[in-house]
Amino acid sequence: MTSPGAAGKRRLGRGLEALLGPQTVAEARAEGALVELPIETVRPNPYQPRHVFNDGALEELADSMRTQGLLQPITVRATADGAGYELIAGERRWRAAQRLQWEAIPAVIRSVDDRTLLTLALIENLQRDALSPIDEARGYQRLIDEFGASQSTVADLVARHRTTVTNALRLLKLPEAIQELVHTGQLTTGHARALLGLADRGRMERVARQIVERELSVRDVEDLVRGSTSRTPQRGSRAPKPRDPDVRRVEEALRQRLKTDVRVTTRRKSSGRVTIHFYSDEDLARVLEIVLGEPYTG
């Protein structure tokens, strides 16, 4: 296994800084790039890959902006009709400003084409781990469908390995109902990849429901797909006692944060272990960066 590095993530950061310019209000003001735009003249990014904005997180951001002001300006481009502006980056800040009923918002204006607009929106969200695996895959697919980009080109644009893009796009082959389970975090990408081994879409959906209802692990699903078990594993087959609801909540919180399959096994005297699954060198590097709070360079 190659040592998981962070070159890709660092490349993304420099690329965003070069394309979007000043990253703070103070820097933008010092460079003469800061403008105050009437908030009603700003429209959402039509290529925004993220479809759900967490209400609680927006409220927290609004509280922060209420006390500290806006530390990072939004970035926009002029609309084709010249009547206003479209967001390139900063939709959460813009939405929070609306909640605060601001009349104007600090902004930096850039000139970018549609493909760059989508690419920048993808990059911004990928850097913040703000996209669900399905939103990420749909963003890649839009670059392919609307701009004729190859998978290799998409990988270069967002500084990902081509295999990462390929694996993400495979999720879009799942039935819509299963995609929604992945999108909402009820299934991990590990579960989803295992389900792709089933040819029958109806069976995919049945097994997906069993995963949610019986809390099957990725290994359980892989066993089912390989046909190494003659029946669906029962919860009692691996854990003789019912699963502790508190442990399940901890697992769910970790799965949501790490975006991968996590298993918490408890023992007596409040001890136990946490098992975190990864599915490629890049996936391991991503998990390590979330856990360590900085890129892993070991």
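These figures come from a predicted structure and were not determined experimentally.

Next up on the list: the pairing of strand E3 (residues 74-78). Walk down a regular strand and you will see the side chains alternate between the two sheet faces. Judged by how many residues are buried, E3 sits mostly within the fold: four of five residues are covered. Of the pairings in the sheet, the one linking E3 to strand E4 (residues 85-89) comprises four bridges and is antiparallel in character. In the sheet register, Val76 faces E4, and the bridge partner there is Leu87.

The full count for this structure, using the stated rule, is 10 salt bridges. Between Asp81 and Arg43 there is a salt bridge, with its nearest N and O atoms 3.6 Å apart. Taken together, the residues span a long stretch of sequence, with Asp81 in the loop between E3 and E4 and Arg43 in strand E2 (residues 42-43) at a distance of 38 residues. As a salt-bridge pair, Arg99 and Asp55 come within 2.3 Å of each other at their nearest N and O atoms. Separated by 44 residues along the polypeptide, Arg99 in helix H4 (residues 91-99) and Asp55 in helix H3 (residues 55-68) bring together distant segments of the chain. Through salt bridges with shared partners, a single network forms among Asp55, Glu59 and Arg99.

This part is about the environment of Ala149. Note on placement: Ala149 falls in the loop between helix H6 (133-147) and helix H7 (151-158). Take Ala149: its relative accessible area is 7%, and that puts it in the buried class. Once the C-alpha coordinates of Ala149 and Arg115 are considered, the two residues, 34 residues apart in sequence, prove to be 9.5 Å apart. Here Ala149 is in contact with Leu143, Ile144 and Val154, once residues within four sequence places are set aside.

Moving on: empty space enclosed by the protein. The full count for this structure, using the stated rule, is two cavities of 30 Å³ or more. Volume-wise, the second largest cavity comes out at about 40 Å³. Looking at the second largest cavity, the residues that line it are Asn45, Gln48, Leu87, Ile88, Ala89, Gly90, Glu91, Ala121 and Glu124. If you list the elements that add at least two residues to the lining of the second largest cavity, you get E4 and helix H5 (114-127). The dominant element in the lining of the second largest cavity, judged by the number of residues it contributes, is E4, at three residues. Among the residues forming the lining of the second largest cavity, the class breakdown is four nonpolar, three polar and two charged.

With that out of the way, let us pick up the sheet that holds strand E1 (residues 35-38). The strand order across the open sheet formed by five strands is E1-E5-E3-E4-E2, and the pairing between neighbours is mixed. Two strands close off the open sheet at either side, each with one partner strand: E1 and E2. Here H4 sits on the sheet in contact with E2, E3, E4 and strand E5 (104-109), set at roughly 125 degrees to E4.

Moving on, we get to the packing of aromatic side chains. By the definition in use, this model includes one aromatic pair. Ring geometry for Tyr47 and Phe147: centres 5.9 Å apart, planes at 50 degrees, overall tilted. Placement of Tyr47 in the loop between E2 and H3 and of Phe147 in helix H6 is noted, with a sequence separation of 100 residues between them. Taking the relative accessible area as the measure of exposure, Tyr47 reaches 10% and is therefore buried.

Turning to H4, its buried residues number three or more, namely Glu91, Arg93, Trp94, Ala96 and Ala97. One or two steps after H4, the chain reaches Gln101, where phi turns positive at roughly 60 degrees.

This part takes up the nonpolar core. Grouped together as the largest cluster of nonpolar side chains are 20 residues, with contacts concentrated most on Leu122, Tyr140, Val154, Val158 and Val165. It is H5 that contributes the most residues to this core, six residues altogether. If we skip the residues at most four places from it in the chain, Val165 touches Tyr140, Gln151, Val154, Ala155 and Arg160. Ranked by size, the runner-up nonpolar core spans 19 residues in total, among them Ile134, Leu171, Val207 and Ala208.

Take the confidence of the model for the protein chain next. Where the model shows low pLDDT, its predicted coordinates should not be examined in detail. Here the protein chain shows a mean pLDDT of 81. Residues at 70 or above account for 84%. pLDDT under 50 marks residues 1-16. Its contacts with residues more than four places away, or in other chains, come to 34 contacts. Across residues 235-241, where pLDDT falls below 50, the model places eight contacts with residues more than four positions away in sequence or in other chains.

This part is about the environment of Val35. Mapped onto the elements of the fold, Val35 is located in strand E1. Take Val35: its relative accessible area is 30%, and that puts it in the partly exposed class. For the pair formed by Val35 and Val108, sequence separation is 73 residues and the distance between their alpha carbons is 6.3 Å. What Val35 contacts, discounting residues up to four positions off in sequence, is Ile105, Pro106, Ala107 and Ile109.

How each quantity is defined
Residues numbered from 1 in each chain as written. Predicted model: local features only at pLDDT ≥ 70, side-chain atom pairs only at ≥ 80, totals over all residues. Heavy atoms only, no water. Buried < 20%, exposed > 50% of the residue type's maximum accessible area, 1.4 Å probe, protein only. Helix = DSSP H or I, 4+ residues; strand = E, 2+ residues; numbered from the N terminus. Pairing = 2+ DSSP bridges. Salt bridge = Lys/Arg side-chain N within 4 Å of Asp/Glu carboxyl O. Contact = heavy atoms within 4.5 Å. 1 Å grid on protein atoms, 1.4 Å probe; cavity = no way out; pocket = protein on both sides within 12 Å on 5 of 7 lines; lining within 4 Å. Points joined across faces, edges and corners; volume = space filled by probe spheres on them. Nonpolar A, V, L, I, M, F, W, Y, C, P; charged D, E, K, R; others polar. Axes fitted to C-alpha atoms, helices over the stretch in contact; angles between N-to-C directions. Phe/Tyr/Trp six-rings, centres within 6.5 Å; stacked < 30°, edge-to-face > 60°. Core = buried A, V, L, I, M, F, W, Y, C linked by side-chain atoms within 4.5 Å. pLDDT = per-residue confidence, 0-100.

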